[in-house]
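A closer look at the structure
Spelled out from the first residue to the last, the chains are:
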Amino acid sequence: MALALIAVAILAFLTSFGASGQGNAASADSPMQLPRILLGIWMVLGLLCTVMAGFLAPKGRAGSYRVCRVALFAVILSAVSLGILFLGYLIPVTLGLGAMLLCLGERQPLRFALTLLILGPGLWALFHHGLGLRLPLLISGGVF
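Heads up: these notes are all about the structure in this document. These numbers were taken from a predicted model, which means no experiment stands behind them. (Residues numbered from 1 in each chain as written. Predicted model: local features only at pLDDT ≥ 70, side-chain atom pairs only at ≥ 80, totals over all residues. Heavy atoms only, no water.)

Quick notes on the overall build of the chain
Operational definition: We count a stretch as a helix when DSSP gives it H or I for four or more residues in a row; a strand needs E for two or more, and each element gets its number in order from the N terminus. Burial here depends on accessible area, computed with a 1.4 Å probe over protein chains only, as a share of the maximum for the residue type. Under 20% is buried, over 50% is exposed, and the range in between is partly exposed. The contact definition used throughout considers only heavy atoms, calling two residues in contact when any of these lie within 4.5 Å. For accessible areas, the Shrake-Rupley method is used with a probe of radius 1.4 Å. Any residue's cover is judged against the shown protein chains and nothing else.
Across its full length, the chain holds five helices and zero strands. Listed by position from the N terminus, the elements making up the chain come as α-α-α-α-α. Out of the 144 residues in the chain, the part that is buried amounts to 36%. Of all intrachain contacts in the chain linking residues separated by at least 6 positions in sequence, the fraction that spans at least 24 positions is 57%. Of the accessible surface of the chain, which amounts to about 8,400 Å², a share of 75% is contributed by carbon and sulfur atoms.

What about a nonpolar patch on the surface?
Quick reminder of the rule: Two joining distances apply to patches: 9 Å for like charges and 5 Å for nonpolar side chains (Val, Leu, Ile, Met, Phe, Trp, Tyr), and every residue must have over 30% relative accessible area and no salt bridge. Definition used for salt bridges: Asp or Glu carboxyl oxygen within 4 Å of a side-chain nitrogen of Lys or Arg.
A cluster of nonpolar side chains, contributed by Leu82, Leu85, Phe86, Leu87, Ile91 and Leu95, occupies part of the molecular surface with about 630 Å² of accessible area. Elements that contribute at least two residues to the nonpolar patch include exactly helix H3 (61–87) and helix H4 (90–104).

Re the pattern of salt bridges
Scanning the entire structure with this criterion turns up one salt bridge. For arginine 111, the salt bridge goes to glutamate 106, with nearest N and O atoms at 3.3 Å. The partly exposed category is assigned to arginine 111, whose relative accessible area is 45%.

Here we look at the side chain of glutamate 106
Filter applied, for reference: Two N or O atoms form a polar contact when they lie within 3.5 Å of each other; inside protein one atom must be a possible hydrogen donor and the other a possible acceptor, and for residues adjacent in sequence the pair counts only when both atoms belong to side chains.
In this structure, glutamate 106 sits in the loop between H4 and helix H5 (109–130). Residue class for glutamate 106 comes out buried when judged on its relative accessible area of 17%. Within the structure, the side chain of glutamate 106 is placed 3.3 Å from the side chain of arginine 111, a separation counted as a polar contact. Excluding its chain neighbours within four sequence positions, the residues that come into contact with glutamate 106 are Leu101, Arg111 and Phe112.

What about the nonpolar core?
This is how the line gets drawn: Here, nonpolar core refers to any group of buried Ala, Val, Leu, Ile, Met, Phe, Trp, Tyr and Cys residues whose side-chain atoms link them within 4.5 Å.
One finds Leu45, Phe73, Leu77, Val80, Val93 and Met100 to be the most contacted residues of the largest nonpolar core, which totals 25 residues. Of all the elements in the fold, those that place two or more residues in this core are helix H2 (33–56), H3, H4 and H5. Looking at this core element by element, the count peaks at eight residues for H3. If we skip the residues at most four places from it in the chain, valine 93 touches Val80, Ile84, Leu119 and Gly120.

Focus on H5
Using the following cut-off: What we call the bend at a residue is the angle made by axes fitted to the seven residues finishing there and the seven residues starting there.
The sharpest bend along H5 measures roughly 45° and falls at glycine 122. Inspection of H5 places Phe112, Leu116, Gly120 and Trp124 among the buried residues, and these make up the whole buried set. Tucked into the core, H5 has its buried residues touching H4. Taken from the residues just after H5, glycine 132 is the one with a positive phi, measuring 75°.

With respect to the packing of H4 against H5
Just so we agree on the cut-off: The angle between two axes is taken between their N-to-C directions and runs from 0 to 180 degrees, where each axis is a line fitted to C-alpha atoms and a helix contributes only its stretch in contact. Crossing handedness is read from the near helix: turned anticlockwise from the far helix by less than a right angle, it gives a left-handed crossing, and turned clockwise, a right-handed one.
Closest axis-to-axis distance for the H4/H5 pair is 9 Å, and the angle between their directions is 145°. Like other packed secondary-structure pairs, H4 and H5 cross with a definite hand, here right-handed. Along the contact surface, H4 presents Leu90, Val93, Thr94, Leu97, Gly98, Leu101 and Leu102, while H5 presents Phe112, Thr115, Leu116, Leu119, Gly120 and Pro121.

Next comes the structure, spelled out in structure tokens:
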């Protein structure tokens, strides 16, 4: 399963260059930079899932539970990176962060809310307005 996740991530990463017409993933002028970074994280998580399943996972239910959490995290990242293309930044990232925090076991409401605000719209505002780096639109349709 982990190898399939890695293959899909590599395929999506490679096709992202052809779709935007730009070949520089490190360029701050590309709105595809964030989805490519997320796909890169997805590939690393797939590799970690493979290593955990093959070498580090304890036998039994606990090991398979951890591997499933890593795989679920990779699936959430893929949904966020695809959602950014169609919905803008705010909705997929905020919902994705919430799902990732739940996946990681975060249950304290204050930390949960602060993380969503800081890493969701707060991070977009920092990059877009503070640092002047182009990210995908906050909400699709040119609202912001």
